[in-house]
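Structural features, examined
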2 protein chains.
Amino acid sequence: MQQPYLLFLGDETDLQNIKTASGVAYWRPEICLGQFRSEKATVDLGLKDMGLDEAVSAGVKTLLIGIAPDGGKITESWIPAILQALEKGLDIAAGLHDRLSDNTEIAATAKKFGRKLFDVRQPEGPFLVGSGKKRSGNRLLTVGTDCSVGKMFASLALEKEMKASGYNVDFRATGQTGIFIAGSGVSVDTVVADFIAGATETLSPPNNTDHWDIIEGQGSLYHPSYAGVTLGLVHGSQPDKMVLCHDASRTHIDGFPDFPIPEFGACMKGYLAAAHLTNKNASFAGVCINSSGLSEEEFEHYVQKTEDIYGLPCCDPVRTGVAAIVKNLGC
Amino acid sequence: MQQPYLLFLGDETDLQNIKTASGVAYWRPEICLGQFRSEKATVDLGLKDMGLDEAVSAGVKTLLIGIAPDGGKITESWIPAILQALEKGLDIAAGLHDRLSDNTEIAATAKKFGRKLFDVRQPEGPFLVGSGKKRSGNRLLTVGTDCSVGKMFASLALEKEMKASGYNVDFRATGQTGIFIAGSGVSVDTVVADFIAGATETLSPPNNTDHWDIIEGQGSLYHPSYAGVTLGLVHGSQPDKMVLCHDASRTHIDGFPDFPIPEFGACMKGYLAAAHLTNKNASFAGVCINSSGLSEEEFEHYVQKTEDIYGLPCCDPVRTGVAAIVKNLGC
């Protein structure tokens with residue numbers, strides 16, 4: 001995808017539905033030159049409101065559909081702006097269930113003006129099956145006690161902190177928001193099952209011995225729907241280090257009241273057993289928690305307990321940053 | 001798929017390439033009314049050679065492409081017979097990488113004569129994601145130390161033995177040959193990664209409390225390419241019992257010399273940990289080995305050692321049958 005972006009918010013009124021756009025704007029403000037909203041929209045990313053002509057003059061290359069309405073469909077009211085954007089020379093990127101390229105009007109207009117359509121939920125493939133071959137360079141994978149516990153956030157916080165500390169580091173995206181942020185990546189939960197590990201190998205190719213890939217985790221080994229994705233991702237990543245991500249307010253797998261959140265110890269043991277298949281030296285570098293529901297005292301207690309029992313630094317990327325984990329990488 | 005079948009062997013000369021056809025003929029001779037070969041073919045399933053007219057008169061409903069040449073392509077020389085079969089009223093089923101329905105000539109002819117094309121590598125879906133909800137009835141899943149260690153063979157041997165012992169039992173297929181044998185199933189390694197567990201749940205729906213599904217396993221938790229498929233399959237199957245399948249001649253994962261075959265104990269521990277997420281009562285009922293490379297003495301020693309260490313019956317479905325395992329189900 002060509003950057004910078006103009007973030008398309010349509011006529012959205014629900015902040016929950018623009019999480020993709022707000023994630024990109026938060027982590028990569030330098031590539032988000034503006035937002036494009038209709039008069040009906042009430043959401044606001046605090047970016048400059050831009051028309052299409054202004055965006056093109058400002059150097060925008062891609063209109064990013066930063067909305068994910070329920071059902072992931074392309075809303076009819078968006079179409080005129082999308083068609084105009086194509087005509088004015090912008091590519092379009094989206095992460096919806098509906099493909100841009102399956103909309104005949106959008107596809108025809110893109111073809112007519114020689115513009116590209118990026119559906120990041122449709123992996124580019126074809127992929128090879130996993131080879132299990134050890135690759136040069138270093139890899140850190142974020143893993144979780146559950147889905148949606150801040151793995152992408154932790155990964156990007158680690159990348160930022162490592163860059164600031166002089167590391168040679170890249171963020172490798174495995175979900176749609178991450179892919180928009182990185183400008184590339186593989187939406188691993190959408191690849192054909194046989195190719196999960198192989199696609200992850202491709203995502204993080206051999207590199208210099210001092211280089212680190214920070215690979216965005218997906219799902220959880222303890223999730224009854226998605227654990228297969230997570231295991232393939234662990235095997236393909238061959239992580240040297242893992243960071244366990246957890247939401248301190250979560251008592252059971254989100255939406256699955258019969259599935260308790262695993263204890264950190266059991267959880268790390270499971271991830272290590274999985275990781276050791278393709279990297280005998282895999283170990284944990286720390287724990288990242290979302291502690292937004294905890295008081296300062298509760299948080300301190302939590303961190304102390306985690307460090308005492310598991311001997312690992314415990315950070316909240318928002319509250320404390322992740323310097324303690326980066327320090328613990330020991331490189 | 002409508003049965004019975006006429007098994008199409010084309011002009012094949014390599015026995016390795018007709019494993020699908022020979023598997024179906026071995027396990028379901030009653031639905032394989034004949035074989036269809038060109039004069040160039042040297043392979044022979046021992047079935048009656050039949051022309052298309054004779055097959056139709058005999059009651060055949062589906063021409064089964066029982067060949068898997070390297071690359072999984074539809075060979076040009078097969079096309080005339082396929083088109084004639086459609087014209088004479090047969091459906092066509094195949095498990096190739098190339099889809100029958102992507103061949104314009106085949107697709108047009110099927111449409112013209114109102115016949116169906118089954119590409120069993122293309123899962124029918126759409127599927128739901130796994131729910132983790134416990135289903136009524138009993139389930140046995142075959143799992144492996146590696147790929148291609150006899151999981152389908154063991155599953156069908158167990159189904160046969162259980163039927164003979166009066167069990168109410170169904171074989172549930174997860175690979176192409178299995179699907180032809182059962183007449184239905186889900187090729188789990190071809191579903192989109194997010195739906196592995198969900199597709200497996202669909203494959204084995206709630207049933208009577210005395211009913212058993214014997215679910216064909218795929219891959220191995222210890223395979224660097226395919227473990228994600230296996231884990232999703234374990235979670236979606238919710239097995240009450242598992243049977244570990246192993247090829248006694250295998251020292252490392254086939255094609256992966258750096259990945260040793262796991263010890264039975266570690267391997268069963270890994271499968272149990274995985275299975276307990278969705279079924280707390282999961283346990284092993286036995287071990288099935290392919291002992292074709294072992295002498296009688298070596299085999300006896302192997303069986304004794306396995307039983308002494310793990311307390312489980314160890315069978316070779318070909319050599320001994322699987323009665324000891326069925327007895328150990330304890331129902």
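Every chain is numbered independently, its residues counted from 1 as its sequence is written. Chains carry letters and ligands carry numbers; both start at the beginning, A for chains and 1 for ligands, and go up in the order they are written. In view of the model being predicted, local features appear only for residues whose pLDDT reaches at least 70, and side-chain atom pairs are presented and counted only at 80 or more, with totals across whole chains, interfaces and linings using the full set of residues.

**Examining the overall build of chain A**
To keep it simple, the criterion reads: Each helix is a run of DSSP H or I of at least 4 residues and each strand a run of E of at least 2, with the numbering of both proceeding from the N terminus. For the radius of gyration, the atoms used are the C-alpha atoms, and the globule rule reads 2.2 Å times the number of residues raised to 0.38. Here a residue counts as buried when 20 or more other C-beta atoms sit within 10 Å of its C-beta, as exposed when there are 12 or fewer, and as partly exposed otherwise, the C-beta atoms being derived from the backbone.
Broken down by element type, chain A carries 11 helices and 11 strands. Computed over C-alpha atoms, the radius of gyration of chain A comes to 20 Å, within 12% of the 20 Å expected from 2.2 N^0.38 for 331 residues, which places it in the range of a compact globule. Considered along the principal axes of its C-alpha atoms, chain A spans approximately 60 × 45 × 45 Å. Out of the 331 residues in chain A, the part that is buried amounts to 53%.

**Considering the relation of the copies chain B and chain A**
So the rule is basically this: Overlaid copies result from least-squares superposition on C-alpha atoms, with residues included only where pLDDT is at least 70 in both. Throughout, a pair of residues is in contact if the C-beta atoms placed from their backbones lie within 7 Å.
Of the transformation superimposing chain B on chain A, the axial component is 0.0 Å and the angular component is 180 degrees, with the fit at an RMSD of 0.0 Å. One copy is carried onto the other by what is essentially a two-fold rotation axis. Taken as a fraction of all interface residues of chain B, those also at the interface in chain A reach 100%, which identifies the copy contact as same-surface.

**Thoughts on the nonpolar core**
Just so we agree on the cut-off: Only buried residues count toward a nonpolar core: Ala, Val, Leu, Ile, Met, Phe, Trp, Tyr and Cys, linked into one set through C-beta atoms within 7 Å.
Judged by nonpolar contacts, the single largest core of 204 residues is most densely connected at Leu7, Ile92 and Val243 of chain A together with Leu7, Ile92 and Val243 of chain B. Leucine 7 of chain A has contacts with Ala21, Val24, Ala25, Cys32, Gln35, Phe36, Leu45, Leu47, Leu64 and Gly66 of chain A, leaving out every residue within four places of it along the chain.

**Side note on the interface of chain B and chain A**
Quick reminder of the rule: Basically, the charged four are Asp, Glu, Lys and Arg, the nonpolar ten are Ala, Val, Leu, Ile, Met, Phe, Trp, Tyr, Cys and Pro, and anything else, Gly included, counts as polar.
Between chain B and chain A, the residue contacts involve 29 residues of the former and 29 residues of the latter. Contributing elements (two or more residues each) for the side of chain B that touches chain A: helix 7 (196-203), helix 8 (227-237) and helix 9 (264-275) of chain B. It is helix 8 of chain B that contributes the most residues to the side of chain B that touches chain A, six residues altogether. Across the side of chain B that touches chain A, the residue classes tally to 17 nonpolar, 10 polar and two charged.

**Regarding the sheet that holds strand 7 (residues 168-172) of chain A**
For sheets, the rule is that strands pair by backbone hydrogen bonds, running either parallel or antiparallel. All names here are of chain A. As a reminder of what qualifies: DSSP calls a pair of strands paired once it identifies at least 2 bridges connecting them. All axes are obtained by fitting lines to C-alpha atoms, using only the stretch in contact for helices, and the reported angles, taken between N-to-C directions, cover 0 to 180 degrees.
Read across the open sheet, the six strands follow the order 7-8-6-9-10-11; overall the sheet is parallel. Edge positions in the sheet fall to strand 7 and strand 11 (314-315), since each of these pairs with one other strand and no more. Looking at chain direction, strand 7 and strand 8 (residues 211-215) are connected through five bridges and run parallel. Each residue of the ladder has a partner; that of aspartate 170, found in strand 8, is aspartate 213. Contacting strand 6 (138-144), strand 7, strand 8, strand 9 (241-247) and strand 10 (283-290), helix 5 (residues 151-164) crosses the sheet at an angle of about 165 degrees to strand 7.

**Thoughts on the sheet that holds strand 2 (residues 32-37) of chain B**
Residues and elements named next belong to chain B. Judged by pairing direction, the sheet is parallel, and its five strands sit side by side in the order 2-1-3-4-5 without closing on themselves. In this open sheet, the two edge strands, each paired with only one partner strand, are strand 2 and strand 5 (117-119). Sheet twist, expressed as the average angle between the axes of neighbouring strands with direction ignored, equals 20 degrees. Sheet topology note: the strand 4 (residues 91-94)/strand 5 ladder contains three bridges and is parallel. Bridge pairing in strand 5 places isoleucine 92 opposite leucine 117. Along the sheet, helix 1 (residues 19-27) contacts strand 1 (5-10), strand 2 and strand 3 (62-65); its crossing angle with strand 1, the most-contacted strand, is approximately 150 degrees.

**Focus on the domain arrangement of chain A**
Residue and element names in this part refer to chain A. For clarity, the threshold we go by: Each domain's limits were defined by an automated method or a database of domain assignments.
Split by domain assignment, chain A resolves into domain 1 (5-119) and domain 2 (138-328). When each unit is reduced to the centre of its C-alpha atoms, the spacing between domain 1 and domain 2 is 29 Å. Contacts between the two partners involve eight residues from domain 1, matched on the other side by five residues from domain 2. Here the side of domain 1 that touches domain 2 takes four residues from helix 1 (residues 19-27), the largest share from any one element. Of the residues belonging to the side of domain 1 that touches domain 2, the class tally is four nonpolar, three polar and one charged.

**Observations regarding the confidence of the model for chain A**
Close inspection of predicted coordinates is inappropriate for parts of the model with low pLDDT. What counts is decided by this rule: A score between 0 and 100, pLDDT records how confident the predictor is in each residue.
Residues of chain A with pLDDT of at least 70 account for 100%, and the chain-wide mean is 96. Per the prediction output, this complex has pTM 0.95; the corresponding ipTM is 0.94.

**Regarding the environment of glutamine 2 of chain A**
Residues and elements named next belong to chain A. Considering the arrangement of structural elements, one finds glutamine 2 in the segment before strand 1 (5-10). The spacing of glutamine 2 and aspartate 91 is 89 residues in sequence and 7.9 Å in space, taken between C-alpha atoms. In this structure, glutamine 2 is in contact with Lys61, Thr62 and Asp91, ignoring residues within four places of it in sequence.

**Focus: the packing of helix 8 (residues 227-237) of chain A against helix 8 of chain B**
This is how the line gets drawn: We call two directions roughly parallel when the angle between them is under 35 degrees, roughly antiparallel when it is over 145, roughly perpendicular when it lies between 65 and 115, and oblique otherwise. A clockwise turn of the near helix away from the far one marks a right-handed crossing, whereas an anticlockwise turn of less than a right angle marks a left-handed crossing.
Packing of helix 8 of chain A against helix 8 of chain B brings their axes to within 7 Å, and their N-to-C directions diverge by 155 degrees. It follows that helix 8 of chain A is roughly antiparallel to helix 8 of chain B by the angle criterion. As helix 8 of chain A packs across helix 8 of chain B, the resulting crossing turns out to be right-handed. Residue-level contacts link Ala227, Gly228, Val229, Leu231, Gly232 and His235 of chain A of helix 8 of chain A to Ala227, Gly228, Val229, Leu231, Gly232 and His235 of chain B of helix 8 of chain B.

**Side note on the pairing of strand 9 (residues 241-247) of chain B**
Residues and elements named next belong to chain B. Burial of strand 9 is extensive: seven of the seven residues sit out of reach of the surface. Because side chains alternate across strand 9, one face comprises the buried residues Lys241, Val243, Cys245 and Asp247, and the other comprises Met242, Leu244 and His246, equally buried. As judged from the five bridges shared by strand 6 (residues 138-144) and strand 9, these two strands associate in the parallel manner. In the sheet register, glycine 144 faces strand 9, and the bridge partner there is cysteine 245.

**Here's the deal with the packing of helix 7 of chain B against helix 8 of chain B**
All names here are of chain B. Helix 8 packs onto helix 7 with a crossing angle of 45 degrees between their chain directions and a minimal axis gap of 7 Å. Judged on the interaxial angle alone, helix 8 and helix 7 are oblique. Between helix 7 and helix 8 lies a crossing of right-handed hand. Here Ile196, Ala197, Gly198, Ala199, Thr200 and Glu201 of helix 7 come into contact with helix 8, specifically with Val229, Gly232, Leu233, His235, Gly236 and Ser237. For the contact of helix 7 with helix 8, a count of residues per class yields five nonpolar, six polar and one charged.

**Looking at helix 1 of chain A**
Those residues of helix 1 of chain A that sit buried are Thr20, Ala21, Gly23, Val24, Ala25 and Trp27 of chain A. Tucked into the core, helix 1 of chain A has its buried residues touching strand 1, strand 2 (32-37), strand 3 (62-65), helix 5 and helix 6 (176-182) of chain A.

**Observations regarding unusual backbone geometry**
Omega for the peptide link from glutamine 3 of chain A to proline 4 of chain A comes to 5 degrees, which places this bond in the cis form. Note on placement: proline 4 of chain A falls in the segment before strand 1. Its identity as a non-glycine residue notwithstanding, serine 148 of chain B has a phi of 50 degrees, on the positive side. With respect to the helices and strands, the residue serine 148 of chain B is situated in the loop between strand 6 and helix 5 (151-164).

**A closer look at helix 9 (residues 264-276) of chain A**
Residue and element names in this part refer to chain A. Selection criterion: Helix span is expected to be 1.5 Å times the residue number reduced by one. Here the arc refers to the set of directions running from the helix axis out to each C-beta atom.
Spanning 13 residues, helix 9 covers 18 Å between terminal C-alpha atoms, matching the ideal 18 Å at 1.5 Å per step. Taken as a whole, helix 9 has its buried residues at Phe264, Cys267, Met268, Gly270, Tyr271, Ala274 and Ala275. In a view along the axis of helix 9, the buried residues occupy a sector of 160 degrees, so they form one face of it. Of the residues in helix 9, the exposed ones pointing more than 90 degrees away from the buried face are Gly265 and Ala266.

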